[in-house]
Amino acid sequence: MPCSDVTEILSLSLDPQDRVVHYSLIKRTCGGSVGNPSLLRKWIENRSAQDVLAATTEEILTAIPTKSSTWEFLTRKHLFAVQSGLQAMMGQSPSMPGNLC
């Protein structure tokens, strides 16, 4: 039976040069992945935070071809989550309770 809590946890690690070292996106209550916990891993690892923030969905979907509309949705979801997390980490958006990230 699926979880009723749709809250997701984004784990995002940067190195001292603000390059992405690791990220994962999972559901909070059941710990299930959202498609794949690190769906963008091959594209995102070792990219600078600024490059990831500037990325468009079209760029990602070209780099990581999807096999269905479901995987396209999940790819977009991961990109938006990582970008929101980076914006909060870099001080570009608020990160208080009730905010997106």
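Analysis parameters
- Residues numbered from 1 in each chain as written.
- Predicted model: local features only at pLDDT ≥ 70, side-chain atom pairs only at ≥ 80, totals over all residues.
- Heavy atoms only, no water.
- Helix = DSSP H or I, 4+ residues; strand = E, 2+ residues; numbered from the N terminus.
- Buried < 20%, exposed > 50% of the residue type's maximum accessible area, 1.4 Å probe, protein only.
- Contact = heavy atoms within 4.5 Å.
- Areas by Shrake-Rupley, 256 points an atom, 1.4 Å probe, with all protein chains shown as cover.
- Salt bridge = Lys/Arg side-chain N within 4 Å of Asp/Glu carboxyl O.
- Pairing = 2+ DSSP bridges.

Asker: Is there a simple way to explain the overall build of the chain in this structure?
Answerer: The secondary structure content of the chain amounts to four helices and two strands. For the chain, the N- to C-terminal ordering of α and β elements is β-β-α-α-α-α. When the 101 residues of the chain are sorted by exposure, 32% land in the buried category. Excluding contacts between residues fewer than 6 apart, the proportion of contacts in the chain whose partners are at least 24 apart in sequence is 47%. Carbon and sulfur atoms form 53% of the exposed surface of the chain, whose accessible area is close to 6300 Å².

Asker: I tried to follow the pattern of salt bridges on my own but got confused; where do I start?
Answerer: In this structure the tally under the stated criterion is two salt bridges. Note that K77 is salt-bridged to E8, the shortest N-O span being 3.3 Å. Taken as a pair, K77 in helix α4 (residues 69-89) and E8 in strand β1 (residues 8-14) lie far apart in primary sequence, 69 residues in all. Look at E8 and you get partly exposed, because its relative accessible area is 29%.

Asker: Sorry, what's going on with the pairing of strand β2 (residues 20-27) here?
Answerer: Side-chain positions along a regular strand alternate between the two faces of the sheet. The pairing of β1 with β2 spans seven bridges and is classified as antiparallel. Its bridge partner lying in β2, I9 is registered against I26.

Asker: Even after reading the chapter, I still don't get the environment of V21, so can you show me in this structure?
Answerer: By the secondary structure assignment, V21 is in strand β2. Its relative accessible area of 43% is what places V21 among the partly exposed residues.

Asker: Got a minute to help me understand unusual backbone geometry in this structure?
Answerer: Negative phi is the rule for most residues except glycine; trans is the rule for most peptide bonds. The backbone of D18 sits at a positive phi, close to 60°, despite the residue not being glycine. Take D18: it is sitting in the loop between β1 and β2. A residue is classified by how much of its surface remains accessible, and D18, at 33% relative accessible area, is partly exposed. The phi dihedral of N46 is positive, around 70°, even though this residue is not glycine. Here N46 shows up in the loop between α1 (41-44) and α2 (49-54).

Asker: I keep staring at the environment of S95 and nothing clicks. Help me out?
Answerer: Along the polypeptide, S95 turns up in the segment after α4. A residue is classified by how much of its surface remains accessible, and S95, at 46% relative accessible area, is partly exposed. Considering only alpha carbons, one finds S95 and S84, 11 residues apart in sequence, at a separation of 9.5 Å.

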